[in-house]
Amino acid sequence: AIDVRPQPLEKARRLVEKTGCGPLVECRLADGLSCVLPGEVDTVILAGISGITACQILEAAPWTKDAGVRIVAVPASKADVLRRWLAQNGYALETELAAVAADRPYAALAARWDGNAFEPSECHCRLGLLARAAGEAAEAYRQKVLRQLERQLAGETAGARYTQEERMALRALCDEVKQLCNR
C-alpha cells in the first residue's frame, strides 16, 4: 500500500493490522510507484485518484510495460483521459466493469501492456468496454457520460468555446452515446 501523504498511509496501516493482514501488506510512503522495483508486484491498483494522476503514475513507472503486470484502475474522475493514455501507450483493456457507489457510477478497468498502441476513438475514451456492457451499473455509467456530453454541447462547461467542426464532432459523439443508452 503506497501513499504520498503520511496520514492516509497511517490509516491504511491501522486497517491492515485490524484485519490481520499485517504479514501480507507492506505500507510505503512514496510518490506514485517510485518505491516499487521492477518485478516486485504483478498487479498495480490505482483507485480514488483522477485518470490524469493515474497516467502520471504509470508514465513514471516504465516497468509496468511488462505483460506480467496488470493495471487495475478505478478513477474517481477523468476515466476518458486514462483510457486514451492506455491505448496510446500500448496497454490493452482486458475487462471493464461499472459500479455505483454513493449514487455515482464509476468504471473499474483492468489493462495489461501488449505493445499495440493505437489512437482510440472518442467513444472508446469516454466509454471503453462499458459501451456495450450489460447491467444497471453499466447503463448508469453510459447515462452519466451522456449527461456530461450534453452539458458540453450546451456550453455549460468552463470556458466552452467550440468551432463548428468541434461542435459537430461533439454532437455526433453525443448521438452515438445516446444510441448505446437504453438499447
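Everything numeric here is computed off the predicted structure, so don't read it as measured data. (Residues numbered from 1 in each chain as written. Predicted model: local features only at pLDDT ≥ 70, side-chain atom pairs only at ≥ 80, totals over all residues. Heavy atoms only, no water.)

**Topic: the packing of helix H2 (residues 51–59) against helix H3 (residues 79–88)**
Contact pair H2 / H3: the axes reach a minimum separation of 7 Å and the direction vectors enclose 30 degrees. Our classification of the angle between H2 and H3 gives roughly parallel. Pair H2 / H3 crosses with right-handed handedness. Residue-level contacts link Gly51, Ile52, Ala54, Cys55, Leu58 and Glu59 of H2 to Val81, Leu82, Trp85 and Leu86 of H3. Here the contact of H2 with H3 is built from residues that sort into 8 nonpolar, 1 polar and 1 charged. (Axes fitted to C-alpha atoms, helices over the stretch in contact; angles between N-to-C directions. Helix = DSSP H or I, 4+ residues; strand = E, 2+ residues; numbered from the N terminus. Parallel < 35°, antiparallel > 145°, perpendicular 65-115°, else oblique. Left-handed = near helix turned anticlockwise from the far one by under 90°. Contact = heavy atoms within 4.5 Å. Nonpolar A, V, L, I, M, F, W, Y, C, P; charged D, E, K, R; others polar.)

**Quick look at the sheet that holds strand S5 (residues 91–101)**
Spatially, 4 strands are ordered S3-S4-S6-S5 in an open sheet, and the strand pairing comes out mixed. Sheet topology places strand S3 (43–47) and S5 at the edges, where each strand pairs with a single neighbour. Taking each pair of neighbouring strands and ignoring which way they run, the sheet shows an average axis angle of 15 degrees. As defined by bridge partners, S5 adjoins strand S6 (residues 104–113) across 10 bridges and the pair is classed as antiparallel. Across the sheet, the residue bridging to leucine 93 is alanine 111, located in S6. With respect to the sheet, helix H5 (residues 136–153) is in contact with S5 and S6, its orientation differing from that of S5 by roughly 95 degrees. (Pairing = 2+ DSSP bridges.)

**Section: the side chain of arginine 28**
Mapping arginine 28 onto the fold places it in strand S2 (residues 28–29). For arginine 28, a relative accessible area of 18% puts it in the buried group. One polar contact links the side chain of arginine 28 to the main-chain carbonyl oxygen of cysteine 35, over a distance of 2.8 Å. (Buried < 20%, exposed > 50% of the residue type's maximum accessible area, 1.4 Å probe, protein only. Polar contact = N/O pair within 3.5 Å; in protein donor to acceptor, adjacent residues only side chain to side chain.)

**What to know about the side chain of arginine 142**
Residue placement: arginine 142 occurs in helix H5. Polar side-chain contacts of arginine 142 include one of 2.8 Å to the backbone oxygen of alanine 133.

**Some words on the nonpolar core**
Core analysis: the largest hydrophobic core is formed by 20 residues, its most contacted members being Leu46, Leu82 and Leu86. Of all elements in the fold, only S3, H2, strand S4 (70–74), H3, S5 and S6 reach the threshold of two or more residues within this core. A per-element tally of this core places H2 first, with 4 residues. Ala79, Leu170, Leu180 and Cys181 belong to the second largest nonpolar core, which has 19 residues in total. (Core = buried A, V, L, I, M, F, W, Y, C linked by side-chain atoms within 4.5 Å.)

**With respect to the state of the cysteines**
Inspection of every chain in the model, using the stated rule, returns 0 disulfides. Cysteine 123 forms no disulfide, and the closest cysteine sulfur to it belongs to cysteine 125, at a distance of 9.2 Å. Classification of cysteine 123 as buried rests on a relative accessible area of 8%. (Disulfide = S-S within 2.5 Å.)

**Here's the deal with the pattern of salt bridges**
Any two side chains of opposite charge can pair, on the condition that their charged atoms come close. For the structure shown, the criterion picks out 12 salt bridges. Where arginine 5 meets aspartate 3, a salt bridge forms, and the shortest distance between an N and an O atom there is 3.7 Å. For aspartate 80, the salt bridge is made with arginine 126, and the minimal N-O distance between the two is 4.0 Å. Placement of the pair is aspartate 80 in helix H3 and arginine 126 in helix H4 (residues 122–127), with a sequence separation of 46 residues. What makes aspartate 80 partly exposed here is its relative accessible area of 22%. Residue classification places arginine 126 among the buried residues on the basis of a relative accessible area of 13%. (Salt bridge = Lys/Arg side-chain N within 4 Å of Asp/Glu carboxyl O.)

**Description of unusual backbone geometry**
Phi is positive for lysine 78, which is not a glycine, with a value near 55 degrees. Note on placement: lysine 78 falls in the loop between S4 and H3. In this structure lysine 78 comes out as partly exposed when scored by relative accessible area, which is 45%. With phi around 65 degrees, aspartate 103 is a residue other than glycine that occupies positive phi space.

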